[in-house]
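Okay, here's what each chain looks like letter by letter:
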Amino acid sequence: MGCRSACRLSATPFGMYLQLSNYFRLYLQATAEVANNPEAAERAEPILRRAACILYEGMQDTEPLTPAEQLTVLHWLTGLFTMMAREHSHLYQGAGDADTAAATDMREAMLAQIRALTGGDITKEQAKYR
């Protein structure tokens, strides 16, 4: 990889967190499908590569990741989500059966996280992306 990290784990901007969260969900979906569809494994590496491009400055989307680099990206993401869950536990609480359908839609899940952070105040949304 040979690239420098774009940020420190504890200083990850919320906008970056949202992007990485979406890529991680896509990666988990692709790997969950591998048992039924072996071709799904081919989709997993490019998803991690896109996440790596966000995490590491100078990383090109055309550079394939080695297995060690894939593991590094997964560890970074796991650490980020663990930290966010500790600091913002309200982001990871289910809203009940009414939001089950919305939880499967990544855009709706992301918007729900933003609403949870801002208490529904749209005037605070832009500050949360930084």
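What you see is a predicted model; the values in this text were computed from it and never measured. The numbering scheme is per chain: residues are counted from 1 as the chain's sequence reads. Since the coordinates come from a predicted model, pLDDT governs what is reported: local features require at least 70, and pairs of side-chain atoms require 80 or more to be given and counted, while whole-chain, interface and lining totals use all residues. In computing side-chain values, all of the structure's heavy atoms are included and hydrogens and water are not.

Novice: What is the right way to read the overall build of the protein from this model?
Specialist: Helix and strand labels come from DSSP, where a helix needs a run of H or I of at least four residues and a strand needs a run of E of at least two; each type is numbered from the N terminus. Each helix and strand counted, the protein has six helices and two strands in total. Counting only residues that meet the buried cut, the protein has 32% of its 130 residues in that class. In the protein, of all internal contacts separated by at least 6 residues, the share reaching a separation of at least 24 is 59%. As displayed, the protein offers around 7,900 Å² of accessible surface, 54% of which is attributable to carbon and sulfur atoms. Relative accessibility decides the category of a residue: with a 1.4 Å probe and only protein chains considered, values under 20% of the type maximum give buried, values over 50% give exposed, and everything between is partly exposed. Any two residues having at least one pair of non-hydrogen atoms within 4.5 Å are treated as being in contact. Shrake-Rupley sampling with a 1.4 Å probe provides the accessible areas, and residues are treated as covered by the protein chains on show and by no other component.

Novice: Looking at this structure, I do not really get the packing of helix H1 (residues 14-32) against helix H2 (residues 40-55). What am I missing?
Specialist: The relative placement of two packed helices is expressed as an angle between their axes plus a distance between the axes. Simply put, an axis is a line fit to the C-alpha atoms, just over the touching stretch for a helix, and the angle between two N-to-C directions goes from 0 to 180 degrees. Here H1 crosses H2 at 165 degrees, and the two axes come no closer than 8 Å. Taken together, H1 and H2 sit at an angle that is classed as roughly antiparallel. Two packed elements cross with a definite hand, and for H1 against H2 that hand is left-handed. Of the residues in H2, those in contact with Met 16, Gln 19, Leu 20, Tyr 23, Leu 26, Tyr 27, Ala 30 and Thr 31 of H1 are Ala 40, Arg 43, Ala 44, Ile 47, Leu 48, Arg 50, Ala 51, Ile 54 and Leu 55. Residue polarity is assigned by list, with Asp, Glu, Lys and Arg as charged and Ala, Val, Leu, Ile, Met, Phe, Trp, Tyr, Cys and Pro as nonpolar; anything else, Gly included, falls into the polar class. Classifying every residue of the contact of H1 with H2 by side-chain character gives 13 nonpolar, two polar and two charged. We call two directions roughly parallel when the angle between them is under 35 degrees, roughly antiparallel when it is over 145, roughly perpendicular when it lies between 65 and 115, and oblique otherwise. Each crossing gets its handedness from the near helix: less than a right angle anticlockwise from the far helix is left-handed, clockwise is right-handed.

Novice: Looking at this model, I keep getting lost on the packing of aromatic side chains. Mind explaining?
Specialist: We describe a pair of aromatic rings using the distance from one ring centre to the other and the angle between the two ring planes. Aromatic contacts are taken between Phe, Tyr and Trp rings whose centres are within 6.5 Å, Trp giving its six-membered ring; a plane angle under 30 degrees counts as stacked, one over 60 as edge-to-face, and the others as tilted. For the coordinates displayed, the defined rule picks out two aromatic pairs. An angle of 70 degrees between the planes, with centres 5.7 Å apart, marks the rings of Tyr 17 and Phe 81 as edge-to-face. Of this pair, Tyr 17 sits in helix H1 while Phe 81 sits in helix H3 (residues 67-87); the two residues are 64 residues apart in sequence, bridging distant segments of the chain. Owing to a relative accessible area of 12%, Phe 81 belongs among the buried residues under this scheme. Through successive ring pairs, a cluster of aromatic residues spans Tyr 17, Phe 24 and Phe 81.

Novice: Help me understand the confidence of the model for the protein in this model?
Specialist: Should the pLDDT be low somewhere, the predicted coordinates at that spot are not to be read in detail. The pLDDT value expresses, per residue, how confident the predictor is, ranging between 0 and 100. Across the protein, pLDDT averages 76, with 67% of residues at or above 70. When the elements of the protein are averaged for pLDDT, helix H4 (residues 100-104) gives the smallest value, 49, and H2 the largest, 88.

Novice: Just checking my understanding: could you explain the nonpolar core for this structure?
Specialist: One broad rule of soluble globular proteins: the nonpolar side chains tend to lie buried together. Nonpolar cores were defined as sets of buried Ala, Val, Leu, Ile, Met, Phe, Trp, Tyr and Cys residues, with membership established by side-chain atoms within 4.5 Å. Judged by nonpolar contacts, the single largest core of 27 residues is most densely connected at Leu 20, Val 73, Leu 77 and Leu 80. Elements with a contribution of two residues or more to this core: H1, H2 and H3. Residues within four places of Leu 20 in sequence aside, it is in contact with Ala 51, Ile 54, Leu 55, Leu 77, Leu 80 and Phe 81.

Novice: Looking at this structure, how should I read the pattern of salt bridges?
Specialist: Oppositely charged side chains are able to pair whenever their charged atoms sit close together. Only one rule defines a salt bridge in this text: a Lys or Arg side-chain nitrogen within 4 Å of an Asp or Glu carboxyl oxygen. Under the counting rule described, the total for this entry stands at three salt bridges. In this structure, Glu 33 engages Arg 43 in a salt bridge whose closest nitrogen and oxygen atoms are separated by 2.4 Å. With Glu 33 in the loop between H1 and H2 and Arg 43 in helix H2, this pair connects stretches of sequence that are 10 residues apart. Assessed through its relative accessible area of 39%, Arg 43 is described here as partly exposed. When the shortest N-O distance is used, the salt bridge between Arg 49 and Asp 61 registers 3.9 Å. Here Arg 49, found in helix H2, pairs with Asp 61, found in the loop between strand S2 (56-57) and H3; they are 12 residues apart in sequence, far enough to count as distant. Taken together, the shared-partner salt bridges in this structure form one network comprising Glu 45, Arg 49 and Asp 61.

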